[in-house]
Amino acid sequence: MSDPETDASFLLYGAYGYTGRLVAEAAVERGFEPILAGRDPERVESVASEFGLPHRTFDVREASAFVDDVDAVLNCAGPFEKTADPMVDACIDEGTHYLDITGELSVFERIKRRSDEAEAAGVTLLPGVGFDVVPTDCLAAHLKRRLPEATHLALGLDPSGTVSRGTMKTVLSGIGDGGAVREDGVLRWVPVGHKTRAIDFGEGLKRAVTIPWGDVSTAHASTGIPNVEVYAAVPSEGRRLLAATKYLGGVLDAAPVQYLLRRLVDRYVEGPDERTREEGYALVWGEARSPGNRLVSRLRTPETYRLTVEASLLCTEKVLAGEAPTGYQTPSSAFGPDLILEIPGTERVDLDGDEVVERVSGPDADGEAAEARTT
C-alpha cells in the first residue's frame, strides 16, 4: 500500500477493540492520521495517546455530530447489527463515506437497501472490507468473469488461527438465527449447517458445512448469480454443535443466556497473537456452475485478522482517493475482482477440472506487483 497522498481524513470507530487497535497501529505505520473513536472515554484516550492520534468519544446513536467534518468512517465496532444502521444514517445525513468490516448477513441486506439514498447524497456505502468479505467477494466476481453464464455459485472458507472477543460475541449474538442460502435470487433461511460437502481447499479434502456468511448477500449483488451457498471447514465436533443449534435457537437467543455467553467470552477468549497473525494463512475456495460447465478457483491469503487490517486500509485509501462509485458497493463492485491481489501474501489459482490453468501471486512484502503464471 502506498502512503496516502491526500488531505482526506477518516474516523476509525471501535478503535480500542482487538481489530480496531490493529487497524489503528497499521494506519499510523502507513502514514494515515485517523481520528480514533468509540464510546468508552478511557479506552479511546488510551489508544489515541499510545499512537499520538486525535480522538473522539460518542455513542454511535449520536454519530451525526461527530462525523460531519471527516471524509469517511471505518466502523470496526461490532456487533454491527447494533452499530451499522445508526452510523450509516449519520454518514448519509452528513455526506460521509461509510465502510465497515462486518460479516453479518442481515447488515449487508439492510445497507444494500440504502443505496439510492447514498447515491443521492454522493456517499459510498461499502460494508465488509475485512476478511469478511473481501477475498470471497473477489473470488465470486472472478469466477463470474471466468464463467459469465454461471447459474450456481458455491464458496468455501478454511480460516486459521483463533478469533477475537468481538468476533466471538458477534457469532454468539446470532447463533439462534439459523443459516441462509440464495435460491433463484431469493434469500432463503435454512438451518445452519443444513448441507455438508467435501471441499479441496488446496490441501486435501475437508468436510465443510453451509453457514450464513455475508456472501449470500454480497456475491449475489456482485455477480447476479441467482444461487449462492457458502461453506466453512468445520471439524466433526463443530458440525455436531451446529446441528444442535436448530433445537436450541430460542434458548440461545434469550437475554440471560446471551449475557452469560458474553461474560464467558470476556473471560476466556483472546485474539490471535502476533506470531499467529504473521505466520498463519487462510484458504478460500469457489465453484461456479452453468448447465454445461463447472470451474473452480482458490485463494490463499494472509491470516484472517492480518488480511482484515490490510484490506480495510486499502479500501479506505481507495475511497478517500475517489476511486469508489457512490451508492451501495461490495469490494469487487467498487474495485474489481483483482482487488484481493493488491494485498501482499495472496495467491489465486484457477482450475479447469483437476488441471491448474493459471496461478497469480499478489505483491510480495516489498510491494512488487502481482505475477501471473499460466500452465
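Rules used in this analysis
- Every chain is numbered on its own, with residues counted from 1 as its sequence reads.
- With pLDDT at 70 or above as the cut-off, local features in this predicted model cover only qualifying residues; side-chain atom pairs require 80 or more to be listed or tallied, and sums for whole chains, interfaces and linings still use all residues.
- Only heavy atoms go into the side-chain values, all of them from the structure, while hydrogens and water stay out.
- Note on conventions: DSSP H or I runs of at least 4 residues are helices, E runs of at least 2 residues are strands, and numbering of each starts at the N terminus.
- Here, two residues are considered to be in contact whenever any of their heavy atoms come within 4.5 Å of each other.
- Computed with a 1.4 Å probe, the accessible areas rest on the Shrake-Rupley method; for each residue, only the protein chains presented here act as cover.
- To pair, rings of Phe, Tyr and Trp, with the six-membered ring standing in for Trp, must have centres within 6.5 Å; the planes then decide the type, stacked if under 30 degrees apart, edge-to-face if over 60, and tilted in the middle.
- Whether a residue is buried, partly exposed or exposed follows from its accessible area with a 1.4 Å probe, protein chains only, as a fraction of its type maximum: under 20%, in between, or over 50%, in that order.
- Whether two strands pair comes down to DSSP finding at least two bridges between them.
- For a crossover, the right-handed case is the one in which the path from the first strand over the helix to the second runs clockwise, viewed with the strands pointing away from the viewer.
- Here an axis means a line fitted to C-alpha atoms, over the contact stretch when the element is a helix, while the angle between two N-to-C directions is reported on a 0 to 180 degree scale.
- Crossing handedness is read from the near helix: turned anticlockwise from the far helix by less than a right angle, it gives a left-handed crossing, and turned clockwise, a right-handed one.
- Residue type decides the class: Asp, Glu, Lys and Arg count as charged, Ala, Val, Leu, Ile, Met, Phe, Trp, Tyr, Cys and Pro as nonpolar, and the leftover types, Gly among them, as polar.
- Here, nonpolar core refers to any group of buried Ala, Val, Leu, Ile, Met, Phe, Trp, Tyr and Cys residues whose side-chain atoms link them within 4.5 Å.
- We call two N or O atoms a polar contact when they sit within 3.5 Å, provided that within protein one can donate a hydrogen and the other can accept it, with sequence-adjacent residues counted only if both atoms are side-chain atoms.
- Just so you know how the angles are binned, under 35 degrees is roughly parallel, over 145 roughly antiparallel, 65 to 115 roughly perpendicular, and the rest oblique.

- Naming follows an unreviewed UniProt entry, where the protein appears as Saccharopine dehydrogenase family protein of Halopelagius fulvigenes.

**What about the overall build of the protein?**
And then number 1: Scanning the protein from terminus to terminus reveals 13 helices and 18 strands.
And then number 2: Restricting to contacts in the protein with at least 6 residues of sequence separation, those with at least 24 account for 68%.
And then number 3: For the protein, the exposed surface amounts to about 16,500 Å²; the carbon and sulfur share of it is 48%.

**What to know about the packing of aromatic side chains**
And then number 1: As enumerated under the stated definition, the model contains five aromatic pairs in all.
And then number 2: Between the aromatic rings of Y18 and Y305, the centroid separation amounts to 5.2 Å while the plane-to-plane angle is 85 degrees, which identifies the pairing as edge-to-face. Linking Y18 in helix α1 (residues 18-29) with Y305 in helix α12 (residues 304-320), this pair joins segments that are 287 residues apart in sequence.
And then number 3: For the pair F131 and W213, a centre-to-centre distance of 6.4 Å together with 75 degrees between the ring planes defines the contact as edge-to-face.

**Looking at the pairing of strand β5 (residues 97-100)**
And then number 1: Across the two faces of β5 the burial is the same, with H97 and L99 and Y98 and D100 all buried.
And then number 2: Inspection of the sheet shows strand β4 (residues 72-75) paired to β5 by four bridges, in the parallel sense. For A72, the partnering residue across the bridge sits in β5 and is H97.
And then number 3: Regarding topology, helix α3 (residues 80-94) serves as the crossover connection from β4 to the parallel β5, and that connection is right-handed.
And then number 4: Here two bridges tie β5 to strand β6 (residues 124-126), and the two strands are oriented parallel to one another. If you follow Y98 over to β6, its bridge partner there is L125.

**Comments concerning the packing of helix α6 (residues 134-146) against helix α8 (residues 215-223)**
A pair of packed helices is captured by two measures, namely the crossing angle of their axes and the spacing between those axes.
And then number 1: One way to put it is that α6 packs onto α8 with a least axis distance of 9 Å and a crossing angle of 35 degrees. Two packed elements cross with a definite hand, and for α6 against α8 that hand is right-handed. Counted together, T136, D137, A140, A141 and K144 of α6 and D215, T218, A219, S222 and T223 of α8 form the full contact between these two elements.
And then number 2: Residue classes in the contact of α6 with α8 are distributed as three nonpolar, four polar and three charged.

**Topic: the nonpolar core**
And then number 1: Counting residues in each nonpolar core, the largest one holds 95 residues, and the members touching the most others are L12 and M87.
And then number 2: Broken down by element, the residue count for this core peaks at nine residues, all from α12.
And then number 3: Counting eleven residues, the second largest nonpolar core, distinct from the first, contains A154, W285, V296 and L351.

**Re the sheet that holds β5**
And then number 1: Taken in spatial order, the seven strands line up as β3-β2-β1-β4-β5-β6-β15 in an open sheet, and their pairing is parallel. Both edges of this open sheet fall to β3 (55-57) and β15 (327-328), since each of them pairs with a single strand only.
And then number 2: Sheet topology note: the strand β1 (residues 10-13)/strand β2 (residues 35-38) ladder contains three bridges and is parallel. Following the sheet pairing, L11 is matched in β2 by I35.
And then number 3: Docked against the sheet, helix α2 (residues 41-51) engages β2 and β3, running at close to 175 degrees with respect to β3.
And then number 4: Relative to β5, α12 is tilted by about 170 degrees, and along the sheet it contacts β1, β4, β5 and β6.

**Comments concerning the side chain of T96**
And then number 1: Here T96 shows up in the loop between α3 and β5.
And then number 2: A polar atom in the side chain of T96 sits 2.9 Å from the backbone oxygen of V67.
And then number 3: Within polar-contact distance, the side chain of T96 engages the backbone oxygen of V70 at 3.3 Å.
And then number 4: Setting aside its immediate chain neighbours within four residues, T96 contacts V67, V70, D71, A72, V73, C91 and V123.

**Focus: the packing of α1 against α12**
And then number 1: Two elements in contact, α1 and α12, have axes whose closest approach is 10 Å; the angle formed by their N-to-C orientations is 55 degrees. If you check the angle between α1 and α12, you find them oblique. Considering only the axes of α1 and α12, their crossing is right-handed. Between α1 and α12, the contacting residues are Y18, T19, L22, V23, A26 and A27 on the first element and Y305, T308, V309, S312 and L313 on the second.
And then number 2: Of the residues assigned to the contact of α1 with α12, the class counts are eight nonpolar, three polar and no charged.

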